Every structure is written in C-alpha cells, then in structure tokens.
Amino acid sequence: MWRGGKSYTRAASLKSEDKIMTYAGKHIDSAVVLGYRRIMHHEVLRSFHRKLHRWYDSQGRKDLPWRVTSDSYAVYLSEIMLQQTQVKTVLERYYFQFLKRFPTLSALASAKQDEVLQAWQGLGYYTRALNLHKAAQRCGGILPETVDGLMALPGIGRNTAHAVAAFAFHQPVAVMEANVRRVLSRVFALSKAGEDELWDRAAQLLDKGNPFDYNQAMMDIGATVCTRRAPRCSECPLADICAGKVAPELYPAAKPKKIVNVRRKHIVVFKNSKGQFYAQPRQSRFLNGLYHFAETDAGDPHLIWQGLRYAFSKGKRLGAIRQQYSHFTLEADIWLMAAEHSGRHWHKPGALVHLPVSMAEKKVMVLLGLTKAGTDTARAKMAKTDRKQ
Ligand code: SF4
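Because the structure is predicted, anything quoted here is derived from the model rather than measured.

About the thresholds
- Residues numbered from 1 in each chain as written.
- Predicted model: local features only at pLDDT ≥ 70, side-chain atom pairs only at ≥ 80, totals over all residues.
- Buried ≥ 20, exposed ≤ 12 C-beta atoms within 10 Å, placed from the backbone.
- Helix = DSSP H or I, 4+ residues; strand = E, 2+ residues; numbered from the N terminus.
- Contact = placed C-beta atoms within 7 Å.
- Near = placed C-beta within 6 Å.
- Nonpolar A, V, L, I, M, F, W, Y, C, P; charged D, E, K, R; others polar.
- Pairing = 2+ DSSP bridges.
- Core = buried A, V, L, I, M, F, W, Y, C linked by C-beta atoms within 7 Å.
- pLDDT = per-residue confidence, 0-100.

Novice: Talk me through helix α5 (residues 72-81); I want residue IDs and the actual numbers.
Specialist: Counting buried positions along α5 yields 9 of 10 residues, so the element is predominantly enclosed. For α5, the full list of buried residues reads Tyr 73, Ala 74, Val 75, Tyr 76, Leu 77, Ser 78, Glu 79, Ile 80 and Met 81. Check the buried side of α5 and you find it contacts α6 (87-101), α7 (105-109), α9 (127-138) and α11 (158-169).

Novice: Please set out unusual backbone geometry residue by residue, giving values where relevant.
Specialist: With omega at -10°, the peptide bond leading from Tyr 251 into Pro 252 counts as cis. If you trace the backbone, Pro 252 turns up in the loop between α14 (211-224) and β1 (261-271). With a phi close to 55°, His 170 is a non-glycine residue in the positive phi region. Within the element layout of this structure, His 170 appears in the loop between α11 and α12 (178-187). For Gln 306, which is not a glycine, the phi torsion comes out positive at approximately 50°. Residue position: Gln 306 is located in the loop between β6 (302-305) and β7 (308-311). Overall, Gln 306 belongs to the exposed group, with 12 C-beta atoms counted inside 10 Å.

Novice: Could you give me a rundown of the site of the ligand, with the residues and numbers involved?
Specialist: Taken together, 15 residues surround the ligand, and among them Cys 226, Cys 233, Cys 236, Cys 242 and Pro 248 come closest. Taken together, the residues of the shell around the ligand sort by class into 11 nonpolar, 1 polar and 3 charged.

Novice: I'd love a proper account of the pairing of β7, names of residues and values included.
Specialist: In summary, the side chains of a regular strand alternate between the two faces of the sheet. Pairing analysis gives 4 bridges linking β6 to β7, with the strands arranged antiparallel. By the bridge assignment for β7, Trp 305 is matched with Leu 308.

Novice: So what about the nonpolar core? Which residues, and what values?
Specialist: Across soluble globular proteins, nonpolar side chains have a tendency to be buried as a group. Counting residues in each nonpolar core, the largest one holds 95 residues, and the members touching the most others are Val 164, Val 268, Ile 334 and Val 364. Among all residues touching Val 268, those that are not within four sequence positions of it are Phe 293, Ala 294, Glu 295, Leu 303, Tyr 310, Gly 315, Trp 335 and Met 337.

Novice: Tell me about the confidence of the model for the chain, and name the residues and values.
Specialist: When pLDDT is averaged along the chain, the result is 86, and 86% of the positions lie at 70 or above. The secondary-structure element of the chain with the lowest mean pLDDT is helix α1 (residues 5-14), recorded at 36, while α5 shows the highest, at 98. Scored below 50 in pLDDT, residues 1-28 makes 25 contacts in the model with residues more than four places away or belonging to other chains. This model gives residues 375-389 a pLDDT under 50, and the stretch forms 13 contacts once residues within four places in sequence are excluded.

In structure tokens, the structure reads:
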C-alpha cells in the first residue's frame, strides 16, 4: 500500500523544510526518512503490532464499559457522547443514566424528543442528541454493520462510522479521533497533514487481524503516552517506528489561536398573572429543540415580542449571566417582565424547571429563584460575572 510516489514525494519535500530540519539542532530529516522506510517493511509492522498489543494488554483502559459490551447500541451511544465530552464526565453523569432511561435503540426511537434532550442536558452539542434520536427512528432498532450503512444515518461522520464498525462489529477499519490524529502526525512526522493523507496513514498502520484492540490501543496511547504537551517516547510501543520522536512538539503544527467572540444580549423572562413563565423551543441549528426565554441583542433599546414593544425600563433586572459555548461567549442581562399573552408555551414553575434547556437558561432559572446553582463554584462564578456587568 505504501510504496512509490507518496513516500518518495514526502521524503523529497522534506528537503525544502529547512527550518524543521534544523529545529533545536536535531537532524530530523534523516530520522523521518529512516522512519518511513522502516515502517514500509512488513516484518517491522508485525513487530510493532505485537508490541502494541502487549502494551494494550498491560496498560490499556480495557475496563471502560463500552469496551466490554457486545451491545452495538451502547458502543454507538458512547461514541456519540465522547465526541465532545471527556471520558470522566460521560462515565460519571451520562452514559449509564442514558442507557437506563433508553435501554435499547427501539426504546430511544419511541421516546419523545423532549425526553431525549432532557437526558442529554448538560452534555452540550445538543444536535448530537437529536441526531441520535433520528438515527434510532430510522434504523428500526438494528444498527447497520458497515461504514457506508452507518454513515447514511444522521450525525454519523467518517470517524464515528469507523469507530462503531471497529468496536461494535470488529470490522477491519482504522479509527481516527483527535488523539490518534496526533499520534499519526508524529509517527509519520506530518506537520500539516490533510484529511486524506491521515486516513491513508491510519489504514497503513492498522492491524486488520485485531482491529478492536489495535484501535483502542492507539486511542489510549494518544490519551496517556503521546500527550500533546509531554509525550513519553521512552515508554511508547510506537517508538521503534516513530519518525517524529526526535521533536514530537513539531507534529502536528500548532493551529493559530481562535479569537473568542462575545455576544451580548438581553434575556427577558415573561411572567403572567397566573404565575406562569414563557419559554419556547428553539428552531435553529444551534441548541435546536431546547427551550429558551425571549431575547434580543444588547444594543436594542427594547424587545419586540408577539407584536408588542417591551421597554427594559418597565422590567426588573435580575442580574447577568455569562456562558461559554464552543464558538462564542454569551453575556446577557436578565430581565423579568409582566405579560398577558394567551398562547402556547406558558409553564408553571414546577414544569419549567423540567424542560430541556441549555446552561444559560439554567443560570436564568437560578436568578429567578426556581433552582439552585449546582455548586459553590458555579454560584461564585455567577456572582463574579454579575459584578462585572
Ligand atoms: S514515540 Fe513519542 S512521539 Fe512517537 S508516538 Fe510515541 S510518544 Fe508519540
């Protein structure tokens, strides 16, 4: 698979990367070329697989619940939860609870969307939950076993499809989550690899005879040995074939820092004379399906709602909240206003607190006095944020 053009092209292109070649005075060029040539040998690859499996047997995280189950739905669920959330959080607060509430794909398929969102509450990236629900409804209780079949379901991209195929159905395909990406970039000394190149490399290294253990081991090495800041090459079973170990900090090249975008808003909680609060489900890509209060940009002098104008001076300011999302920070002033609109989506306080909402709305409910902040830290953070406004 890995012959001719690509490796020679890569080796040739290394000649022009003089800055990298001389980084910290290390002779990276010869190490890289040597590493490439060595991996190409079948025997070297076999020896690497043996070492990797020995390492996994003694040091892998083999007792994770989604690694010891034969339930493909549980494996699929874990892959979706772990896409944006740490193992510890998923284990402690979501995985078992979700499976208890929806023990099978069919049970998930027949649940209401609000119930699914509520079970997902706090995990964030709610589109994951909506897609999981849709996929369960679409596949009739049985997950497809092939990568193509899995990728036809909503919310399943290439990596998730490979992971479910390898871990639930033992298909000979490589997995490539963030940690594995870093390991591959270092093993092949790739500072800026494109998607296709990484997938090619992943397929070259794969142990097709035991894709389950191989992929789990690669993920564990990325998480525990070949870490971003402090790789421990002397303990790594990939050290013999790793072209980047001379200067692992170069691979992959650091991405430019994201500029944090701040969005400032007014959030208005309407309360009617029956003591009910208004909140409606979002219909947008972001936080789709989660309930929210009325809101407008911070620069607006008033809120137009249900065709009427509400001046902030007529409301009571409850405080302010700050919520970090993946691509922006929300800073909002929170207002309570009286309103008598007769429509849907008015909720008694007891019902409001059980609706699926995002963390921002949860913080608003604390300011309303309907719920308590989860921890002292959360309370302190909210108070601090409030002082800043
Ligand atoms: S040898 Fe070092 S750089 Fe290479 S994969 Fe192992 S820990 Fe990472």
